[in-house]
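Take a look at the letters that make up each chain.
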Amino acid sequence: MSNTTTIKTWVEDHVGVIQLNRPKVLNALNRQMVSEILETMEAWDRDDDVAAMIVTGNSKVFAAGADIAEMAEDDSISLELLNQFTEWDRLAWVKKPIIAAVNGYCLGGAFELALSCDLMVAAENAQFGFPEINLGVMPGAGGTVRLTKLMGRAKALEWLWTGDYMTAEFAKENGVVNRTVAPELVFEEAMKLARKIANQAPLSVRMIKEAVNKSVDHSIYDAMQFERKNFYMLFSSEDQKEGMRAFVEKRNPQFKGK
Ligand code: HXC
């Protein structure tokens, strides 16, 4: 287990876990926390011992958004010069799977963090929302974009304009959340999913993430060309030979990620 000022991290069963850890302010994401999350994820992305990652909060709150106190006196020019969103952009380049395990509030920048992950497991009583409108601002780390792509324009506008919180059930029905479970089972369920993915052929997991992400922002034709190249590329791997030979020999494959 490692403690930085804003997060706790550990690795179990080849799953790297990041626990947001500013409980006194409901895990509000300050810039330090975003940097530490990214540094950890990028280090794990290069670490053969880690095959999947989980980002979680505590049993009461995932996080109540970006740290309002930290940004209250910012102005447009200071934000432009700070250029803090380049760190958020780097999240999209993490190649290994990331699961958000969400209890309680998941608001504003924290909802954007969870939406930037690949999969979401949420407590049945989790609450998601973009309350930025109540502060006279709007989401800035992909919230308007990712929510709209998931649920469509009219629904996204309604949540973004009202600032209301959506239930985990609504989030699941609208493709935001993969699974909802009882609050006390969230981490366990996320670990179960992460372990399952961590046991799959690592290169396949990686190439599938790339291809699926490509399909979100490109035409069917372009995304399919990309998918095809990744499919071909996997035939250069030892794991493809092992996986197919194991099938023919009626035994379990031993994947190495090579
Ligand atoms: C800084 C925060 C905070 C936040 C809570 N706290 N949210 N501090 N930034 N986002 C602090 C409170 O000031 C308080 O500190 C302590 O955490 C407990 O919060 P309470 O409000 O007393 O708790 P509760 O009454 O249970 O209400 C929970 C809540 C409320 C409904 C979630 O805290 C809330 O509305 N928070 C703000 C939510 C929000 O607007 N998020 C969007 C932020 S903007 P003290 O010292 O008083 O105990 C954003 C933009 C992203 O995310 C842009 C891209 C990065």
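Above this text you will find the structure in question.
Given the structure is predicted, the values throughout are model-derived calculations rather than measurements. (Residues numbered from 1 in each chain as written. Predicted model: local features only at pLDDT ≥ 70, side-chain atom pairs only at ≥ 80, totals over all residues. Heavy atoms only, no water.)

Explain helix 11 (residues 220–234) here, please?
Residue pairs three or four apart in sequence face the same way in an α-helix, which turns once every 3.6 residues. In a regular helix each residue adds 1.5 Å, so 15 residues correspond to 21 Å; helix 11 covers 21 Å between its end C-alpha atoms and thus fits that length. Those residues of helix 11 not exposed but buried are Ala223, Asn230 and Leu234. Viewed along the axis of helix 11, the buried residues span an arc of 45°, placing them on a single side of the element. Exposed residues lying more than 90 degrees from the buried face of helix 11 are Tyr221 and Lys229. (Helix = DSSP H or I, 4+ residues; strand = E, 2+ residues; numbered from the N terminus. Expected span 1.5 Å × (residues − 1). Buried < 20%, exposed > 50% of the residue type's maximum accessible area, 1.4 Å probe, protein only. Arc of directions from axis to C-beta.)

Would you mind going over the packing of helix 5 (residues 109–116) against helix 6 (residues 143–151) with me for this structure?
Interaxial distance between helix 5 and helix 6 falls to 9 Å at its minimum, and their mutual angle equals 55°. Here helix 5 is positioned oblique relative to helix 6, judged by the angle of their axes. Seen from above, helix 5 lies across helix 6 with left-handed handedness. Here helix 5 contributes Phe111, Glu112, Leu115 and Ser116 to the contact with helix 6, which in turn contributes Gly143, Arg146, Leu147 and Leu150. Residue composition of the contact of helix 5 with helix 6, by class: 4 nonpolar, 2 polar and 2 charged. (Axes fitted to C-alpha atoms, helices over the stretch in contact; angles between N-to-C directions. Parallel < 35°, antiparallel > 145°, perpendicular 65-115°, else oblique. Left-handed = near helix turned anticlockwise from the far one by under 90°. Contact = heavy atoms within 4.5 Å. Nonpolar A, V, L, I, M, F, W, Y, C, P; charged D, E, K, R; others polar.)

How do you make sense of the sheet that holds strand 5 (residues 61–63) when you look at a structure like this?
Whenever strands of a sheet pair, they do so through backbone hydrogen bonds, lying parallel or antiparallel. Strand order across the open sheet formed by 4 strands is 5-7-9-10, with mixed pairing between neighbours. The outermost strands of the open sheet, each flanked by one partner alone, are strand 5 and strand 10 (165–167). Recorded for the sheet is a direction-independent mean angle of 20° between the axes of neighbouring strands. Sitting on the sheet, helix 5 is in contact with strand 5, strand 7 (105–107), strand 9 (127–129) and strand 10, with an inclination near 90° to strand 7. (Pairing = 2+ DSSP bridges.)

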